[in-house]
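# Inside the fold
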Amino acid sequence: MDQRVIKTKAALTQALFKLLENKTIEKITVTELCRTAHIDRRTFYIHYSNVSDIFEDYQDQMSFEVYQALSNAKYGAEGLLDVFHQILMQNYRGFKYLCLNQQQHLLVEKLQKMVFETLCDSLLSEGVAEDNKVILKYLSSGLIDTYVYWFSHSDEVDYETLVKTNKKIVQANLELLH
């Protein structure tokens, strides 16, 4: 992908997360987003048709990176979490407000669904036991929920504890798959 496209999309994503600090995605206008990102409206419409497309693009990118980590046999649970933490922390401020703002619960649910579908696609084969999907649903929802909890209790739980605990939880859940 062209570096200019990457830079433009990154600026729009950062602007979206900044605006999500104070309002829901439905209330963010293209004009406001472009002004915040210092991007021309015409440039916006070259890449996206509406504001929510940016969040979907962000999810797709995160899904791809998580899928790559899972598909690479050397990663395992620890590698998955390293990639996951890296992706989420690249947009730390925006993701924090997304998790803490009750009005954004639909976006948090979309993230949980994306992680679940990515885990299923990369870890499960056709005709697997349904309980494996339940395990991965538990894992994906729980993983996102740990961030929601941590962002609202960061004075009680430090980042290193979050990472270490999540690694244990992911490893234990992945061992349940058969």
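Please refer to the structure placed before this passage.
Note that the coordinates shown come from a computational prediction; the quantities given were computed from them, not determined experimentally. (Residues numbered from 1 in each chain as written. Predicted model: local features only at pLDDT ≥ 70, side-chain atom pairs only at ≥ 80, totals over all residues. Heavy atoms only, no water.)

## A short note on the packing of helix H1 (residues 3-19) against helix H2 (residues 30-37)
Helices that pack against each other are described as a pair by the angle of their axes relative to one another and the distance between those axes. Close contact between H1 and H2 brings their axes to 8 Å; oriented N to C, the two are set at 115°. Between H1 and H2, the crossing angle belongs to the class labelled roughly perpendicular. In the packing of H1 onto H2, the handedness of the crossing is right-handed. Residue-level inspection shows Ala11, Leu12, Ala15, Leu16, Lys18 and Leu19 of H1 in contact with H2, the latter providing Glu32, Leu33, Thr36 and Ala37. Residue composition of the contact of H1 with H2, by class: seven nonpolar, one polar and two charged. (Axes fitted to C-alpha atoms, helices over the stretch in contact; angles between N-to-C directions. Helix = DSSP H or I, 4+ residues; strand = E, 2+ residues; numbered from the N terminus. Parallel < 35°, antiparallel > 145°, perpendicular 65-115°, else oblique. Left-handed = near helix turned anticlockwise from the far one by under 90°. Contact = heavy atoms within 4.5 Å. Nonpolar A, V, L, I, M, F, W, Y, C, P; charged D, E, K, R; others polar.)

## Concerning helix H8 (residues 130-152)
When the terminal C-alpha atoms of H8 are compared, their 33 Å separation across 23 residues agrees well with the 33 Å that a helix rising 1.5 Å per residue should span. Buried within H8 we find Asn132, Ile135, Leu136, Leu139, Ser140, Ser141, Leu143, Ile144, Thr146, Tyr147, Trp150 and Phe151. (Expected span 1.5 Å × (residues − 1). Buried < 20%, exposed > 50% of the residue type's maximum accessible area, 1.4 Å probe, protein only.)

## Topic: the pattern of salt bridges
On inspection of all chains with the given rule, the structure shows five salt bridges. Residue lysine 9 pairs with aspartate 57 through a salt bridge whose shortest N-O separation is 3.6 Å. With lysine 9 in helix H1 and aspartate 57 in helix H4 (residues 52-71), this residue pair connects regions lying 48 residues apart in the sequence. On the basis of relative accessible area, aspartate 57 is assigned to the partly exposed category, the value being 25%. Aspartate 40 is the partner of arginine 42 in a salt bridge, and the nearest nitrogen-oxygen pair spans 3.2 Å. Overall, arginine 42 belongs to the exposed group, its relative accessible area being 66%. (Salt bridge = Lys/Arg side-chain N within 4 Å of Asp/Glu carboxyl O.)

## Thoughts on the side chain of threonine 146
Position of threonine 146 among the secondary structure elements: in helix H8. In this structure, threonine 146 is in contact with Leu162 and Asn166, ignoring residues within four places of it in sequence.

## Examining the packing of helix H7 (residues 105-123) against H8
In the contact formed by H7 and H8, the axes pass within 9 Å of each other and the chain directions differ by 140°. By the angle between their directions, the pair H7 and H8 is classed as oblique. In this structure, H7 meets H8 at a crossing whose hand is right-handed. Here Val108, Leu111, Gln112, Val115, Phe116, Leu119, Cys120 and Leu123 of H7 lie close against H8, whose contacting residues are Lys133, Leu136, Lys137, Leu139, Ser140, Ser141, Ile144, Asp145 and Val148.

## Remarks on the nonpolar core
Membership of the largest hydrophobic core comes to 46 residues, with the highest contact counts inside it found for Leu12, Leu16, Leu33, Phe44, Met62, Phe84 and Leu136. Contributing elements (two or more residues each) for this core: H1, H2, H4, helix H5 (76-90), H7, H8 and helix H9 (159-176). Here the element with the most residues in this core is H7; it accounts for eight residues. Beyond its immediate stretch of four places on either side in the chain, methionine 62 contacts Phe84, Ile87, Leu88, Leu111 and Met114. (Core = buried A, V, L, I, M, F, W, Y, C linked by side-chain atoms within 4.5 Å.)

## A short note on the packing of aromatic side chains
As enumerated under the stated definition, the model contains seven aromatic pairs in all. With a centroid separation of 6.1 Å and an interplanar angle of 40°, the aromatic rings of phenylalanine 55 and tyrosine 58 are classed as tilted. Pair noted here: phenylalanine 55 and tyrosine 58 are both in helix H4, with a separation of three residues, about one helical turn. Classification of phenylalanine 55 by relative accessible area gives buried; the value is 1%. Looking at tyrosine 58, the relative accessible area reads 9%, which means it is buried. A centroid spacing of 6.4 Å and a plane angle of 40° characterise the contact between tyrosine 147 and phenylalanine 151, whose relative ring orientation is tilted. Of this pair, tyrosine 147 and phenylalanine 151 both sit in helix H8, four residues apart, which is roughly one turn of that helix. Phenylalanine 151 shares its class with tyrosine 147; the two are buried. An aromatic cluster of at least three residues, connected via ring pairs, comprises Tyr147, Trp150, Phe151 and Tyr159. (Phe/Tyr/Trp six-rings, centres within 6.5 Å; stacked < 30°, edge-to-face > 60°.)

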